[in-house]
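Residue-level structure breakdown
Read off the chains here:
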Amino acid sequence: MPYTKEIYERAMEIINKRKLDSEKKHSVKLTLFESMEPEYSSLKNDMITSVRDAVKAIDMEPQKAKEFLQLQKMKNLSAQENITKLLEKHGLQKDHLEIKYFCPLCEDTGFVDSKLCSCHIELLKTLAFEEAGKNSPLKFSRFEDFRLDYYSDEIPSGSDISPKKMMSQILEYCKEYAENFDRYSCSVFMQGETGLGKTHLSLAIAGEVISKGYNVLYNSAQNIFNELQKERFGKNDTHGAFEAMVLECDLLVIDDLGAEFSTQFTKAALYNIINTRINTGLPTIISTNMDLAEIENEYSKRISSRIIGEYAHLYFMGKDIRQQRLYN
């Protein structure tokens, strides 16, 4: 996945700070132990000296070199054993004096064999998604705050279920979806009139999924298409990073589809998003006021067909909650 220059720089700042923090903690630990056990310094020097002196064997006769190396090895092992005894005396583990890196694999350099370490890659992803979602209202919606008392118990004409019962079932579905989420979860189509809780529940799902460590991109359809268009026509310096996030994130949430200004670009972009993520098995949540017939009319039959065939459909019922709050 491509990233902006700023994301790469921020990642390296964090990695360098991790290394510095690890080294500082190690230095403090060594200083404290040396104050408790002055003998440690001389034992450590014995270890260093034995390794350094082993180089002298290069200029010796084979038999003498072998005996000399064996002697240096014994000195080194003896020093190690005595250091272990000092640690045990204070109830400390054998590795207590070793430096503890945030990432032992790359030792907080961010690279392994000149390639990005897995910790570096994960950090880049995290920073990119934090940047993309910094204006998202994720923290304002939780499942616990979703109120079913705004929905009626009366069964409307032409239906066999009340809004309250329907929304109770949808709430439980969304909770289970978030709880059991993985990258192979199904995609979800949330459809219903304005003010029935689609945004609330999609935000609640996104928040829970993020807390599990997954990368989630949440935004309105209008903002997503605007960013994609700016990136496509070179109006920003993201170099394809936003499109890569949209197509590759663990969960994509497109809120309020249909509220954006529809163009040939948005129609093509929407199909590409839906089709690509279905083909790669990645879940998407779409919320909209439009029904499938309107989706087909506004975008295309290909898009409505993909949604019908690949998405779980949640139909939101009731009266506009925002208006109820306003007048109650």
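Residues numbered from 1 in each chain as written. Predicted model: local features only at pLDDT ≥ 70, side-chain atom pairs only at ≥ 80, totals over all residues. Heavy atoms only, no water.

**Here's the deal with the packing of helix 5 (residues 163–179) against helix 6 (residues 198–211)**
Helix 6 packs onto helix 5 with a crossing angle of 20 degrees between their chain directions and a minimal axis gap of 9 Å. With respect to each other, helix 5 and helix 6 are oriented roughly parallel. The element helix 5 and its partner helix 6 pack so that their crossing is right-handed. When helix 5 is examined against helix 6, the residues Ile-170, Leu-171, Cys-174, Tyr-177 and Ala-178 are found in contact with a partner set consisting of Leu-201, Ile-205, Glu-208 and Val-209. When grouped by side-chain class, the residues that make up the contact of helix 5 with helix 6 number eight nonpolar, no polar and one charged. (Axes fitted to C-alpha atoms, helices over the stretch in contact; angles between N-to-C directions. Helix = DSSP H or I, 4+ residues; strand = E, 2+ residues; numbered from the N terminus. Parallel < 35°, antiparallel > 145°, perpendicular 65-115°, else oblique. Left-handed = near helix turned anticlockwise from the far one by under 90°. Contact = heavy atoms within 4.5 Å. Nonpolar A, V, L, I, M, F, W, Y, C, P; charged D, E, K, R; others polar.)

**Describing the pattern of salt bridges**
Charged atoms that come close allow side chains of opposite charge to pair. Inspection of every chain in the model, using the stated rule, returns 11 salt bridges. Between Asp-153 and Lys-164 there is a salt bridge, and its shortest N-O distance comes to 3.7 Å. Within this pair, whereas Asp-153 is found in the loop between helix 4 (118–132) and helix 5, its partner Lys-164 is found in helix 5, the two being separated by 11 residues in sequence. When its relative accessible area of 55% is taken as the criterion, Asp-153 is described as exposed. For Arg-232, the salt bridge goes to Glu-243, with nearest N and O atoms at 3.6 Å. Of the two residues, Arg-232 sits in helix 7 (residues 221–232) while Glu-243 sits in helix 8 (residues 241–248), which places them 11 residues apart along the sequence. (Salt bridge = Lys/Arg side-chain N within 4 Å of Asp/Glu carboxyl O. Buried < 20%, exposed > 50% of the residue type's maximum accessible area, 1.4 Å probe, protein only.)

**With respect to a nonpolar patch on the surface**
Together, Tyr-8, Phe-111, Leu-116 and Ile-121 make up a nonpolar patch on the protein surface, roughly 320 Å² of accessible area in all. Position of Ile-121 relative to the elements: it lies in helix 4. Residue Ile-121 is classed as partly exposed on the basis of its relative accessible area, which comes to 34%. (Patch = residues over 30% accessible without salt bridge, like charges linked within 9 Å, V, L, I, M, F, W, Y side chains within 5 Å. Areas by Shrake-Rupley, 256 points an atom, 1.4 Å probe, with all protein chains shown as cover.)

**Focus on unusual backbone geometry**
Phi angles above zero are rare outside glycine, and Asp-113 is one such case at about 55 degrees. Within the secondary structure layout, Asp-113 lies in the loop between strand 1 (111–112) and strand 2 (115–116). The exposed category is assigned to Asp-113, whose relative accessible area is 70%.

**Some words on the pairing of strand 3 (residues 187–191)**
Burial analysis of strand 3 places five of its five residues in the buried class, the great majority of the element. Alternating residues of strand 3 divide into Ser-187, Phe-189 and Gln-191 and Val-188 and Met-190, and every residue in both groups is buried. Sheet analysis places strand 3 next to strand 6 (residues 284–288), joined by four bridges and oriented parallel. Across the sheet, the residue bridging to Gln-191 is Thr-288, located in strand 6. (Pairing = 2+ DSSP bridges.)

**So, helix 5**
The end-to-end C-alpha separation of helix 5 is 24 Å, in line with the 24 Å expected for 17 residues at 1.5 Å each. Looking at helix 5, one finds that the buried residues are Pro-163, Met-166, Met-167, Ile-170, Leu-171, Cys-174, Tyr-177 and Ala-178. Projected down its long axis, helix 5 shows its buried positions confined to an angular sector of 135 degrees, all on one face. Projecting away from the buried face of helix 5 at angles above 90 degrees are the exposed residues Lys-165 and Glu-179. Of the surrounding elements, those touching the buried residues of helix 5 are strand 3, helix 6, strand 5 (251–257), strand 6 and strand 7 (311–315). (Expected span 1.5 Å × (residues − 1). Arc of directions from axis to C-beta.)

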